[in-house]
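Structural features, examined
Here are the chains, one letter per residue:
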Amino acid sequence: MNAMFRLAIVAALLASASAFMAPASVNTIRAARNVAISSHPPGLKLAAPSLRASPAAAGALRMGQTPSTMGETIEEFVANDDPKLQKVILCLFSAVKEIAYKVRTASCEKSSCFNEFGDEQLAIDILADNVLFANLKACGACEVASSEETPTEDPQGGSGYSVAFDPLDGSSIIDVNFSVGTIAGIWPGGTLVGVNGHDMAASLISVYGPRTTITIAWKDKDYAHEFLLIDDFSGNHGKWLRTNEFTAINEGRMVAPGNLRSTQDNPGYMRLWNYWMENKYQLRYTGGMVPDVNQLLIKGKGIFVNPTSPAAPAKLRVLYEVLPMALLIEKAGGRSSDGRGSALDLKTLTTEDRTQVAFGSAKEVGRFDEWVGWAEPFKVSSKDDPSWKPAGK
């Protein structure tokens, strides 16, 4: 590839990044396209700049990098990891790619899906569950796997690591074509009971939306890293390329408030809600935990909360949702809390433990701790339960 052609590609990427980050004029995009087309070697097809290609450059520019420092494949990025951890991570990426296709092509009702011939299939979350188990069993490095769909520890025949996952978080909103996702946490050893978030080797979330992405964090690596599934029939079609590095979640007036019903009998949460409204926070909530937390990484600001109350107990599972998300958020420079401290401190007593949680910037999560406080959600069952005592009320 000659120098002139490399320069043309960089110009095209920068034009695409501009289009992704801020409105760009049609003339700017056309000019970059014309430079690229006029400079490419004979016989080589070069796609015009598009929004599909721009997240890599846009993410790099947001983080003060050049586009050339992004673009590693997931295989290249994990090349120096423990070989067994590599296998588990790559099998999860492979499973997500397959699930992305099923999500994209299935016609779903609330309880089941239909193929192109109209034949009823398994519900999409069960399909996703089966795909993940099949890939984990085949990788040879997974001892035990556990799904939120079937919250038991199931031997997978391998050795090295155990994986807990929510196969399709937000499956109740998939029928309206909202973004949904997969959550997974990876622990060394052969059990998922008696572990905490600090024990995790890595965790990831995938988002099935206009683009399919995976954001992953490692215990022993800095930051959280986003990979984009390339789906443009180019030479990189089907590959996972690194497109973003998340280093900070700053203060900003954006909120994703889960379990709002609990404001009715949790005075701290009602106070928090009123504060957000009085201070004109942006309300950004879809009802899917994965996209609602993922936006904190993308936007680099804000808070997601899902508190508990006697009448509306917390439903989030510690093992399958909270711990993997907490590692991602904290590696990305944010905070997590169950109302008393980092969610990574939570230890699984069973696979079905539940908790309230907040993810976001330091000050926002600190306000949650002060005003909402901590309650043991597994003891909360009615308004008359005396064990529920919000902090400072």
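Residues numbered from 1 in each chain as written. Predicted model: local features only at pLDDT ≥ 70, side-chain atom pairs only at ≥ 80, totals over all residues. Heavy atoms only, no water.

Some details on the sheet that holds strand E14 (residues 301-306)
- Strand order in the open sheet made by the 5 strands is E13-E12-E14-E18-E16, with mixed pairing throughout. Edge strands, defined here as strands with exactly one partner in the open sheet, are strand E13 (282-283) and strand E16 (335-337).
- As paired strands, E14 and strand E18 (residues 357-360) are joined by 4 bridges and run antiparallel to one another. When the sheet's bridge partners are listed, Val-305 is paired in E18 with Ala-358.
- Contacts from helix H9 (residues 318-331) reach E16 and E18, with the element oriented near 25 degrees to E18. (Pairing = 2+ DSSP bridges. Helix = DSSP H or I, 4+ residues; strand = E, 2+ residues; numbered from the N terminus. Contact = heavy atoms within 4.5 Å. Axes fitted to C-alpha atoms, helices over the stretch in contact; angles between N-to-C directions.)

Some remarks on the environment of Gly-170
- Relative to the helices and strands, Gly-170 resides in the loop between strand E6 (161-169) and strand E7 (180-188).
- In sequence terms Gly-170 and Met-289 are 119 residues apart; their C-alpha atoms lie 6.8 Å from each other.

Describing the pairing of strand E10 (residues 224-229)
- Burial analysis of E10 places 6 of its 6 residues in the buried class, the great majority of the element.
- Taking every second residue as pointing to the same face, both faces of E10 are buried, with Ala-224, Glu-226 and Leu-228 on one and His-225, Phe-227 and Leu-229 on the other.
- As judged from the 5 bridges shared by strand E9 (residues 212-218) and E10, these two strands associate in the antiparallel manner. Its bridge partner being in E10, Ala-217 is matched across the sheet by Ala-224.
- In this structure, the hairpin formed by E9 and E10 is closed by a connection of 5 residues, where Tyr-223 is found at a positive phi of approximately 70 degrees.
- Here 6 bridges tie E10 to strand E11 (residues 240-246), and the two strands are oriented antiparallel to one another. (Buried < 20%, exposed > 50% of the residue type's maximum accessible area, 1.4 Å probe, protein only.)

Side note on the packing of aromatic side chains
- Throughout the structure, instances matching the rule amount to 9 aromatic pairs.
- Here Phe-77 and Trp-218 contribute two aromatic rings whose centre-to-centre distance is 5.6 Å and whose plane-to-plane angle is 50 degrees, an arrangement assigned as tilted. Residue Phe-77 is located in helix H4 (residues 74-77), and its partner Trp-218 is located in strand E9; the two are separated by 141 residues in the primary sequence.
- Overall, the relative accessible area of 18% leaves Phe-77 in the buried class.
- Look at Trp-218 and you get buried, because its relative accessible area is 0%.
- When the centroid spacing of 6.2 Å and the interplanar angle of 20 degrees are considered together, the rings of Phe-304 and Phe-359 count as stacked. (Phe/Tyr/Trp six-rings, centres within 6.5 Å; stacked < 30°, edge-to-face > 60°.)

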